[in-house]
Amino acid sequence: MATTTDNAAQLIFAPNVLHNQALTSVKFLSFCFSGAVAGILGLENWLGFALFIASIVSTSFIIYAINCRGKPAKYLPGGLGELVNPGQDNIFTFILVWTLFYGIIHVYD
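Rules behind the numbers
- All residue numbers refer to position in the chain's written sequence, counted from 1.
- Reporting of local features is limited, given that this is a predicted model, to residues whose pLDDT is at least 70; pairs of side-chain atoms are given and counted only at 80 or more, and all residues count toward the totals for whole chains, interfaces and linings.
- Excluded from the side-chain calculation are hydrogens and water; included are all heavy atoms of the structure.
- UniProt positions are given in the numbering used here, feature names are shortened, and annotations may be inferred rather than shown by experiment.
- Helix and strand definitions follow DSSP, with helices as H or I runs of at least four residues and strands as E runs of at least two, each counted in order from the N terminus.
- Only protein chains enter the calculation, and the probe is 1.4 Å; a residue is then buried if its accessible area is under 20% of its type maximum, exposed if over 50%, and partly exposed in between.
- Pairing of aromatic rings covers Phe, Tyr and Trp, the last through its six-membered ring, and needs centres within 6.5 Å; plane angles under 30 degrees mean stacked, over 60 mean edge-to-face, and all others mean tilted.
- Simply put, an axis is a line fit to the C-alpha atoms, just over the touching stretch for a helix, and the angle between two N-to-C directions goes from 0 to 180 degrees.
- Here the word oblique covers every angle except those under 35 degrees (roughly parallel), over 145 (roughly antiparallel) and from 65 to 115 (roughly perpendicular).
- Note on convention: the crossing is left-handed when the near helix lies turned anticlockwise from the far helix by less than a right angle, right-handed when the turn is clockwise.
- Note on contacts: a residue pair qualifies if any of its non-hydrogen atoms lie within 4.5 Å across the two residues.
- Each residue gets one label: Ala, Val, Leu, Ile, Met, Phe, Trp, Tyr, Cys and Pro are nonpolar, Asp, Glu, Lys and Arg are charged, and the others, such as Gly, are polar.

K.L.:
Quick question: what am I supposed to make of the UniProt feature "transmembrane region" (unreviewed entry) in the protein here?
P.N.:
UniProt tags residues 46-66 and 91-108 as "transmembrane region" (unreviewed entry). Counting secondary structure, residues 91-108 comes out at 83% helix and 0% strand; the distance between its end C-alpha atoms is 27 Å.

K.L.:
Is there a simple way to explain the environment of A54 in this structure?
P.N.:
Tracing the backbone shows A54 in helix 3 (residues 46-67). Taking the relative accessible area as the measure of exposure, A54 reaches 41% and is therefore partly exposed. Distance in space between the C-alpha atoms of A54 and S34 is 9.2 Å, their sequence separation being 20 residues.

K.L.:
For this particular structure, what's the right way to read the packing of aromatic side chains?
P.N.:
Centre-to-centre distance and the angle between the planes together describe a pair of aromatic rings. Tallied over the full model, the rule gives 5 aromatic pairs. Between W46 and F49, the aromatic rings sit 6.1 Å apart at their centres with planes inclined by 55°, giving tilted as the arrangement. Here W46 and its partner F49 are both found in helix 3, 3 residues apart, which amounts to about one turn of the helix. Its relative accessible area of 33% is what places F49 among the partly exposed residues.

K.L.:
Help me understand the packing of helix 3 against helix 6 (residues 88-105), please; the structure alone is not making it clear to me.
P.N.:
How two helices pack is summed up by the angle between their axes together with the distance between the axes. Here helix 3 crosses helix 6 at 130°, and the two axes come no closer than 12 Å. Put simply, helix 3 runs oblique to helix 6. Considering how the two elements wind past one another, helix 3 and helix 6 form a crossing that is right-handed. From helix 3, G48, F49 and F52 reach across to helix 6, where they touch N90, I91, F94, I95 and W98. Residue classes in the contact of helix 3 with helix 6 are distributed as 6 nonpolar, 2 polar and no charged.

So this is what it looks like as structure tokens:
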């Protein structure tokens, strides 16, 4: 007789789990690109973080509309919360790339 943990394990489909890794990669690349844009434009303080929030919203909306077809709970275990959550590593990546490009472009300003 199957227990509840066995039933939950049977609901996991391996190709979908691998596809969730692609979602992480898309978010990572999006935040790298937005960090580079913030650094090149010379954004400082809250303007840079506003760009970060805008990139979260735009990336999440594109994935929500195109990939999830308006039903993120069907494709992601956390639903919409998982889709909008930037993750701690992506926040640090954004700040790292932001400061890198800001330092390279605006070193003598």
